[in-house]
Amino acid sequence: MCVFFVILRSIHYKTNYLSRDDYDNCYIGQEFYAVDKRRESMQLPRVLPLTRREQNCYIPLTSLYLLRQERLRVARNAFFLFLSTIQIAAIVSVDYCLYWLLTIVGQASRKQTEIHLPSMFKIHVIGNGTIADMYRRIVAVIEASARLADYLRPAKCAPDPPAPDYVRYCQIGFLLVSAWAFIVLEPYGLRVRQLIMAGYYPERARERATWLYNDILLKRETFVKLVLKQMAADLGDPTGKPTWLDVIRAKTNHYWLSRMVLGSHHPVRCILCGSDLARDDYVRCFRPQCSGMYCYECFLEIQHVCWMCGDPILTGDSSDESLER
């Protein structure tokens, strides 16, 4: 059952990783640094270094620091494990205390001296009849029992509890320590999923890194910056591309209600520098399974070879002329 649950969770993570750009996309990897380095060489706006507020939301994949959602997950699991630890510790303590109490009682009973019965009075029943005969039989039984047990031995009734299973105590303690270790190390283990998926799907990892880079840029947009960029776009500057709706989507994409109402927007971006590409103003890899799209400047630097799949990208004469210009 546990193996089936693990397989089901793996399929769920893989499906969301390949279909959703924002799913578990808060870690900075090598692809992210490659995009930032590329934008630095092109003198475009960069994301790194992150602000103090952004460092609480986005961290390197190998960082020991935990994100807010990771800390909440650890705190929730630690709370339930703490309750279980208290319960198990109470059961073990009661078990040992009961053994200790019975041992003390047994030792005290064995140290007592023999207690002789006090002298008994002899009872005579006088009279005849049914009731008198019944009394005589009762007295005879009592006198016979007294003669057989002339003294008491309390040590025979003393409890003799078996020793606790200390090996079992050690096993329980080892399991509890292991559970606490798993809770602390769980966030770091879950990050390995990112490395595994990036190893099997490097193209998808680059796409997600590009989306994350532009998402951070959009979250940094303010009212004044957006107005200035809109004015620049009206004057013919191609850098004034973000819209109000794009900024609102980026700032509220952590809430499912916002994603449902505003929808998702997937603009065409250069896979190398992350710049937004205008319609019919970019070069795309002709391989059907490849999602490589490049601006003209990046396309010239990669020398007509797709950075995603490694296949050469053939362009027509008109495209070559536009690239030369």
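Residues numbered from 1 in each chain as written. Predicted model: local features only at pLDDT ≥ 70, side-chain atom pairs only at ≥ 80, totals over all residues. Heavy atoms only, no water.

### So, the overall build of the chain
Within the chain, the regular secondary structure consists of 12 helices and six strands. Classification of the 325 residues of the chain by burial places 29% in the buried group. In the chain, the proportion of contacts linking residues at least 24 apart, taken out of those at least 6 apart, comes to 66%. In the structure as shown, the chain presents an accessible area of about 22600 Å², 64% of it carried by carbon and sulfur atoms. (Helix = DSSP H or I, 4+ residues; strand = E, 2+ residues; numbered from the N terminus. Buried < 20%, exposed > 50% of the residue type's maximum accessible area, 1.4 Å probe, protein only. Contact = heavy atoms within 4.5 Å. Areas by Shrake-Rupley, 256 points an atom, 1.4 Å probe, with all protein chains shown as cover.)

### Overview of the UniProt feature "transmembrane region" (unreviewed entry) in the chain
With numbering aligned to this structure, UniProt lists the feature "transmembrane region" (unreviewed entry) at residues 78–102. As annotated, residues 78–102 has a helix share of 100% and a strand share of 0%, and its two end C-alpha atoms lie 36 Å apart. (UniProt positions renumbered as here; feature names shortened; annotations may be inferred.)

### Re the confidence of the model for the chain
Model confidence for the chain is summarised by a mean pLDDT of 77, while 66% of its residues fall at 70 or above. Within the chain, helix H6 (residues 166–200) carries the highest mean pLDDT (94), whereas helix H12 (residues 317–324) carries the lowest (36). This stretch, residues 316–325, has a pLDDT under 50; its non-local contacts, to residues over four places away or in other chains, come to seven contacts. (pLDDT = per-residue confidence, 0-100.)

### Side note on the pattern of salt bridges
In this structure the tally under the stated criterion is eight salt bridges. Between glutamate 207 and arginine 204 there is a salt bridge, and its shortest N-O distance comes to 3.1 Å. Here arginine 204 and glutamate 207 lie together in helix H7 (residues 202–219), a separation of three residues that amounts to about one turn. With a closest N to O distance of 2.5 Å, aspartate 215 and lysine 219 form a salt bridge. Residue aspartate 215 and its partner lysine 219 are both found in helix H7; the two are separated by four residues, about one turn of the helix. (Salt bridge = Lys/Arg side-chain N within 4 Å of Asp/Glu carboxyl O.)

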